[in-house]
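# Structural features, examined
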Amino acid sequence: MKKLIFCLAFLIPLISFGQLADSTRRLVHVRGAVNFRDVGGYKTTDGRQVKWNRVFRSASIQGLTPSDLDTLRAKQIYTVIDFRGKQESAQAPDRLLPQTDYLLSPAGSDDGMMSKERMSQMFKGDGFLEEFYGKGGIKYFGERYRPLFQKLLVMNDTTAMLYHCTGGRDRTGMATALFLYTLGVPRQTINEDFTASNIYLRPMMGRMMKPLAEQTGMSVEQLNKKMELRPELLDIFFEALKSEYGSVEAFMQKELGIGEKELGVLRAKYTI
């Protein structure tokens, strides 16, 4: 573990060593998926702590090995929420344990499917991630994340949940930000959990960027800069919710079915 932290510390020098050590501690070591992390362990503003081994986030899990499934079984992960689109999920179906409660929540993801030519144009422009996190995505946030929060409310206390998309960074990152926000985790901590995906997706992003660089005529370095996760993206996300609904809490009440009573249930179930 110390060797892993030491090596990763040199990959993303802009991320603090304290954040890296904490994020590495929560990494779930599987062979067939990346960016698979426990969302637990974070301190809340009222002195509580998010429970370990209840909620997990990941990139795509279609490549899980038999030993990886044993890991899911040991962690009792029998609820899976998939934020990918219908086409994405059909092309790479999840590997799941028998009797898993699986739910596809694809709102906005199928609209994101596009040709290589359209994707190339998008990367050459500016602000596509800002659009995705803000006004371009706002109409999908409620429909996409309502199933997650409704499952969190009723999930029994002896099993765990995993939610994911393809890279486990954007759709999954916003889900995690909302979940931690409801539990009272400070925004600084939420930001650090969000940007930690820059570390764990570095090998995957490297493989993706080479062919994309050829298509766009941009350098890998330029593309990496455009795709880097930054706290400002979560600022845009939360500000879009406030602008559209008046407050994050009003969004949660109207679109997710999470009011004061439900907030109390979530905090009782997922913090200690």
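Attention in this report is confined to the structure presented alongside it.

### Let's talk about the sheet that holds strand 2 (residues 55-58)
- Here 5 strands make up an open sheet; going across it, the order is 1-2-5-3-4 and the pairing mixed. Edge strands, defined here as strands with exactly one partner in the open sheet, are strand 1 (37-38) and strand 4 (101-104).
- The sheet contact formed by strand 3 (residues 77-82) and strand 5 (residues 160-164) spans 5 bridges and is parallel. Counted as the bridge partner of Asp82 is His164 from strand 5.
- In the packing of helix 7 (residues 138-154) onto the sheet, the strands contacted are strand 2, strand 3, strand 4 and strand 5, and the crossing angle to strand 5 comes to about 175 degrees.
- Along the sheet, helix 8 (residues 171-183) contacts strand 2 and strand 5; its crossing angle with strand 2, the most-contacted strand, is approximately 155 degrees.

### A short note on the nonpolar core
- Phe149 and Leu178 are the most contacted members of the largest nonpolar core, which totals 55 residues.
- The residues touching Leu178, leaving out its near neighbours within four places in the chain, are Tyr145, Phe149, Phe237, Phe238, Leu241, Val248, Phe251 and Leu256.

### Looking at the packing of helix 9 (residues 187-195) against helix 13 (residues 231-245)
- Across the interface, helix 9 lies against helix 13 with an axial gap of 9 Å and an inter-helix angle of 120 degrees. Classified by the interaxial angle, the pair formed by helix 9 and helix 13 is oblique. The element helix 9 and its partner helix 13 pack so that their crossing is right-handed. Across the interface between the two elements, Arg187, Ile190, Asn191, Phe194 and Thr195 of helix 9 pack against Pro231, Leu233, Leu234, Asp235 and Phe238 of helix 13.

### Some words on unusual backbone geometry
- Unlike most non-glycine residues, Asn53 shows phi in positive territory, near 60 degrees.
- With respect to the helices and strands, Asn53 occurs in the loop between strand 1 and strand 2.
- The exposure class assigned to Asn53 is partly exposed, which follows from its relative accessible area of 40%.
- Even without a glycine there, the phi angle at Gln99 is positive, about 65 degrees.
- For Gln99, the location among the structural elements is in the loop between helix 4 (86-91) and strand 4.

### With respect to the pattern of salt bridges
- Under the counting rule described, the total for this entry stands at 16 salt bridges.
- A salt bridge links Asp170 to Arg169; the nearest nitrogen and oxygen atoms lie 2.8 Å apart. Exposure class is identical for Asp170 and Arg169. Each is buried.
- Here Asp235 makes a salt bridge to Arg187, at a shortest N to O gap of 2.7 Å. With a gap of 48 residues between them, Asp235 in helix 13 and Arg187 in helix 9 connect regions that are remote in the sequence.

What counts, and at which threshold
- Residues numbered from 1 in each chain as written.
- Predicted model: local features only at pLDDT ≥ 70, side-chain atom pairs only at ≥ 80, totals over all residues.
- Heavy atoms only, no water.
- Pairing = 2+ DSSP bridges.
- Helix = DSSP H or I, 4+ residues; strand = E, 2+ residues; numbered from the N terminus.
- Contact = heavy atoms within 4.5 Å.
- Axes fitted to C-alpha atoms, helices over the stretch in contact; angles between N-to-C directions.
- Core = buried A, V, L, I, M, F, W, Y, C linked by side-chain atoms within 4.5 Å.
- Buried < 20%, exposed > 50% of the residue type's maximum accessible area, 1.4 Å probe, protein only.
- Parallel < 35°, antiparallel > 145°, perpendicular 65-115°, else oblique.
- Left-handed = near helix turned anticlockwise from the far one by under 90°.
- Salt bridge = Lys/Arg side-chain N within 4 Å of Asp/Glu carboxyl O.

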